[in-house]
Amino acid sequence: MAFSEKQNEILKPVENAPHPDPFVRRHIGPRPADADEMLAQVGFKNLDELIDAAVPKNIRLGKSLDLPAARSEHEALAELKKIASQNQVCRSFIGMGFYDCITPAVIQRNVLENPGWYTQYTPYQAEISQGRLEALLNFQTMVADLTALDIANASLLDEATACAEAMTMCHRLADGRNIFFVSETCHPQNIEVIQTRAKVLGIEIVVGSPEQFSFTEKVFGALVQYPDTFGAIHNYSGFAEKAHAAGALLTVAADLLALTLIKPPGEFGADIAVGSAQRFGVPLGYGGPHAAFFATRDEFKRQMPGRIVGVSKDSRGRPALRLALQTREQHIRREKATSNICTAQALLANMASMYAVYHGPEGLKKIAQRIHTLTQILAAGLEKLGYPLSNPKSEIRNLKFEHGPSYFDTITIALGDKRATDVVELAEAHQMNFREIDDHTIGISFDETTDENDVAEIWQVFKGDKAIGFTVDEIAADLINTGLQPGVKTNDDIPAVSTASSSARETVKTVSNSTTSNTGLKPGANENGIASHFARISPFLTYKVFNSYHSETEMLRYIKRLESRDLSLTASMIPLGSCTMKLNATFEMLPVSWPEFARLHPFAPLKQTRGYQILFQQLEDWLSEITGFAGISLQPNAGSQGEYTGQLVIRAWHESRGEAHRNVCLIPTSAHGTNPASAVMAGLKVVAVACDKDGNIDVADLRAKAESHKANLACLMVTYPSTHGVFEETIKEICEIIHANGGQVYMDGANINAQVGLCRPADIGTDVCHLNLHKTFCIPHGGGGPGVGPIGVAEHLVEFLPGHPIVNLGGENPIGAVAAAPWGSANILPISWAYIAAMGPDGLTEATEYAILNANYISKRLEDYFPTLYRGRKGLVAHECILDLRRFKSVTAEDVAKRLMDYGFHAPTLSWPVAGTLMVEPTESESKAELDRFCDAMIAIHAEMTAIETGKADQQNNLLKNAPHTADMIAADNWDRPYPREQAAFPVPGLRDYKFWPAVGRVDNVFGDRNPVCTCAGMDTCVS
Ligand SMILES: Cc1ncc(COP(=O)(O)O)c(C=O)c1O
């Protein structure tokens, strides 16, 4: 078809032209006309002028970032799909702590893919966080119940780091002991992460067989895997007794699903249980993010790392949840904190707890039984084919623990003369991945997705692709008829706890039809097919919440009910300083659920993960360009882990130069609490550096400290722009001082949102920097995680970047692994990729400029009410501002935070880094309308505060002290407050259109900490 001249004219500009709807205009809140108005208010003609004034000239980048041009959302997704399609999704039988599973669709759509859940922040403001606090309390209850320990936390980063946290907790509790025993049958990544952690702390790790290990008075703890990495279930009760007799503590890394069938660690003497909740409905995601768990005995609750949800009461005396015990303890205890964990894995913990709510105890047991039964059938068939079960550790094979080993879902198969690589290769041709344990041994693990077709196909592979000659049904029937339980030698001494019944026979049969089941029984096996001495007898998940929502309608409503109690970005801005709560665009989130990204095992052969490798390479290149650094490691799975990793890299560099003694880390007093906590974890000694009256690092003090510690100076940790919200002019000089005294400069890049495209950490003179991809690069906060904290390093440090025991990556002289998975939380990296791809170099820079504009606009609009505490050059702030409330004597910053809830807002960061202040970070994504709504609320609250200060309103019984006001308070028959209901609940007219109601009144923190109850038991007691 020929176009007319006019049509040609119209089409011309379309040639090679970008899509008319650039993503940058969706990501950035203020419209161009609004920006002009805002700039005028701040006193500048245009953005360039503002940025020139705000950012020191001597650090400006002076060129555009060398990144691919911006793509539209649609184009970025199409490109990402192409990349994803280069991943090959095979069925995984690798195990090793990672299992495919089925995410119930009601949870996938309404939690994982729901911004009402994934855009929330860590629930520090309890009154508007009751939903996720309840889901996390369910998680804690689930973990405590399944492990049979008293108390559990609200998640850790992954199983391997949880093991390391357990070790350091035991170390803290031990007086002067320094040996930690690790069973050689732990997952290799658990062993390596522990070794990395132990080395810099001077802890000696002994890896060996529990049977042969002798406890001495130097041993403070031990770690065993249950079931172990080769699938064997051991009876560790004797080992626990030995540990305790020697004054050591026992940690058990356990499989949560197995614990529905086998004796829980708390019942055989474990002091701590750790593990991963991944297989409770959280996709494999090429290694993460997944929620790890940590449970312990009551007496150690104040030593436990991570966040803990506890039950308390609100101003009406009703049960209310809150973060308990050591909340924000890093800010208070700094280098004495129990751990550096800040962002954890809340969203994934919530998914796992919802999975338990959805299935209930019986449903979970059935899933476990089905897996175990299929594993038994597999093992029986393999034996029939001439492949006996084996164990690569001969000591383990000969273990005399009570009645010999058993297994749950994992078996290890001896191939005789046959080569494991040949079997693995044939399996791959069948789109299946086995674990190659050694030259002649294979490991196979089953999971919730395994069915009888898989079993038959595995047999076929072992038969060299020939017909097998028997069926799953026949083997299942054999199991019943012979009473054989594969993998456990018949031992007639062991009494059966339950007798074989015809119904059991029936159920095994139905397994081959993919239904849930019991299993065939043998003497000594209980009804689950588990040897009776290993079998779980104690009940679990008996609370109402785990036994109520088993229809999808009920489940959906439960999820929605909890969601409605939480304030997320779907309701209003969350102006938390230092948290960068920007847009998490929907298109950026879509790839997370694509099976090509979600269903890969972290140890799948690299040739199957080409798509991921391309994504990592591009993202690393882009982050290198953005930071100016030569190398990037994507492994650390939170900012805190990036800090720790960067410190280890610095230590390794000093060591390589014969200066291993350098162990002093300078940290400004304004630093985030994770900085000193991480430095201590890396074996460094923290020396504080003062800040001056303008909030800047006191350069004279820094110089004096650097010089006096010259002989041992390892590094400085510096946040830029500072946590006081200013671009310090002296940053280059600061770096020079540190280098001149033999140290390295670590930049905490949590505030990189004020730098991207304007300046770069490497150019400024720093050597290492972590980035919080869950801040600047759009990974949502998930209500307290997941996060990704990659580090960038200068050329001389590249060789030390983290490695991994299974997948070859990292530098030539790696510090070891710092996370369970080679690329940490790989599944959420497509989010940051999509953001950078769609913004392009100019869009990213513009975002930074708008972040600075928005912060300065708020600072300016509120200056007559709440002056900004610290300003940089020309009276400007960077991307956040600290509002000073300290002149008010009768009302506190906390009162304002609670009153903001009545106005529909989440509070800014409260009393950090300066007590009595609120730190506001609006981000570039908030529109002028939303910024004005926030400023209007603050100004209105200012009037309410002034009324209290001047005596016009009562000092105690007032709008602020009584905040937040719940719907039932407002609707109560007797209203005895000295102000109208209307003013309490609808102080500005906009709230008539949309009102977010806090679920509970002000939560009593003191009561909660005095009476710590951290499971559903607390709710039940309070309710009664
Ligand atoms: C300045 C700063 N540093 C470090 C961190 C720790 O990061 P993460 O919570 O990812 O561990 C934060 C988190 O808020 C931060 O604001």
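You'll find the structure just up there.
Rules used throughout
- Residues numbered from 1 in each chain as written.
- Predicted model: local features only at pLDDT ≥ 70, side-chain atom pairs only at ≥ 80, totals over all residues.
- Heavy atoms only, no water.
- Helix = DSSP H or I, 4+ residues; strand = E, 2+ residues; numbered from the N terminus.
- Expected span 1.5 Å × (residues − 1).
- Buried < 20%, exposed > 50% of the residue type's maximum accessible area, 1.4 Å probe, protein only.
- Polar contact = N/O pair within 3.5 Å; in protein donor to acceptor, adjacent residues only side chain to side chain.
- Pairing = 2+ DSSP bridges.
- Near = heavy atom within 4 Å.
- Areas by Shrake-Rupley, 256 points an atom, 1.4 Å probe, with all protein chains shown as cover.
- Nonpolar A, V, L, I, M, F, W, Y, C, P; charged D, E, K, R; others polar.
- Axes fitted to C-alpha atoms, helices over the stretch in contact; angles between N-to-C directions.
- Parallel < 35°, antiparallel > 145°, perpendicular 65-115°, else oblique.
- Left-handed = near helix turned anticlockwise from the far one by under 90°.
- Contact = heavy atoms within 4.5 Å.
- Core = buried A, V, L, I, M, F, W, Y, C linked by side-chain atoms within 4.5 Å.
- Salt bridge = Lys/Arg side-chain N within 4 Å of Asp/Glu carboxyl O.

Observations regarding helix α9 (residues 159-173)
- If you check α9, its first and last C-alpha atoms are 21 Å apart, about what 15 residues at 1.5 Å a residue would give, namely 21 Å.
- Extensive coverage of α9 is indicated by the burial of 12 of its 15 residues.
- A distance of 3.2 Å separates the backbone nitrogen of Ala 160 from a side-chain oxygen at the start of α9, and that oxygen is part of Asp 158.

Details of the sheet that holds strand β26 (residues 917-920)
- If you walk across this open sheet you meet the three strands as β24-β26-β25, and the pairing is antiparallel. Edge positions in the sheet fall to β24 (881-884) and β25 (909-910), since each of these pairs with one other strand and no more.
- Across four bridges, β24 lies against β26 in antiparallel orientation. Residue pairing for β26: Cys 881 is matched across the bridge by Val 920.

Focus on the site of the ligand
- Around the ligand, a shell composed of 15 residues is seen, among which Thr 343, Ser 578, Asp 748, His 774 and Lys 775 lie nearest.
- Between the ligand and Thr 343 there is a distance of 2.6 Å, counted from an oxygen atom to a side-chain nitrogen or oxygen.
- Contacts to the ligand include Asp 748, whose side-chain N or O atom sits 2.5 Å from a nitrogen atom.
- Burial of the ligand by the protein chains amounts to 99% of its free accessible area of 390 Å².
- Grouping the amino acids of the shell around the ligand by side-chain chemistry returns four nonpolar, eight polar and three charged.

Notes on the packing of helix α8 (residues 130-147) against helix α13 (residues 346-384)
- Closest axis-to-axis distance for the α8/α13 pair is 8 Å, and the angle between their directions is 70°. Classified by the angle between their axes, α8 and α13 sit roughly perpendicular to one another. The way α8 lies across α13 gives a crossing that is left-handed. Taking contact as the criterion, the partners of Arg 132, Ala 135, Leu 136, Asn 138, Phe 139 and Met 142 in α8 are, on α13, Ala 346, Ala 349, Asn 350, Ala 352, Ser 353, Met 354, Ala 356 and Val 357.
- Looking at the contact of α8 with α13, its residues break down into 10 nonpolar, three polar and one charged.

Section: the nonpolar core
- Membership of the largest hydrophobic core comes to 305 residues, with the highest contact counts inside it found for Met 142, Phe 434, Trp 459 and Phe 462.
- Examining the composition of this core, we find that 20 residues originate from one element, α13, more than from any other.
- Contacts of Trp 459, omitting those with residues within four sequence positions, involve Ile 377, Leu 378, Gly 381, Leu 382, Leu 385, Ile 468, Phe 470, Thr 471, Val 472 and Ile 475.
- By size, the runner-up hydrophobic cluster in this structure holds 26 residues, among which are Tyr 644, Leu 648, Met 681 and Ile 815.

Details of the environment of Glu 73
- For Glu 73, the position within the fold is in helix α5 (residues 73-84).
- Linking Glu 73 and Phe 23, residues 50 residues apart in sequence, is a C-alpha distance of 6.2 Å.

Looking at the sheet that holds strand β13 (residues 410-414)
- Pairing is antiparallel across the open sheet formed by three strands, whose spatial order is β13-β16-β15. Sheet topology places β13 and β15 (435-438) at the edges, where each strand pairs with a single neighbour. Taken over all neighbouring pairs, the strand axes of this sheet differ in orientation by 30° on average, direction set aside.
- In terms of strand pairing, β15 meets strand β16 (residues 441-445) through three bridges, oriented antiparallel.

Some remarks on the pattern of salt bridges
- Scanning the entire structure with this criterion turns up 49 salt bridges.
- Between Glu 37 and Lys 928 there is a salt bridge, with the nearest N and O atoms lying 3.2 Å from each other. One end of the pair, Glu 37, is in helix α3 (residues 32-42); the other, Lys 928, is in helix α30 (residues 928-949), and 891 residues separate them in sequence.
- On the basis of relative accessibility, which here comes to 48%, the residue Glu 37 falls in the partly exposed class.
- The class of Lys 928 is buried, set by a relative accessible area of 11%.
- The partner of Asp 895 in a salt bridge is Arg 1002, with the nearest N and O atoms 3.1 Å apart. Taken together, the residues Asp 895 in helix α29 (residues 893-902) and Arg 1002 in the loop between α32 (981-985) and α33 (1005-1010) connect sequence positions 107 residues apart.
- You can call Arg 1002 buried: its relative accessible area is 16%.
- Three or more residues are tied together by salt bridges with common partners; here these are Glu 37, Arg 861, Lys 928, Asp 932 and Asp 936.

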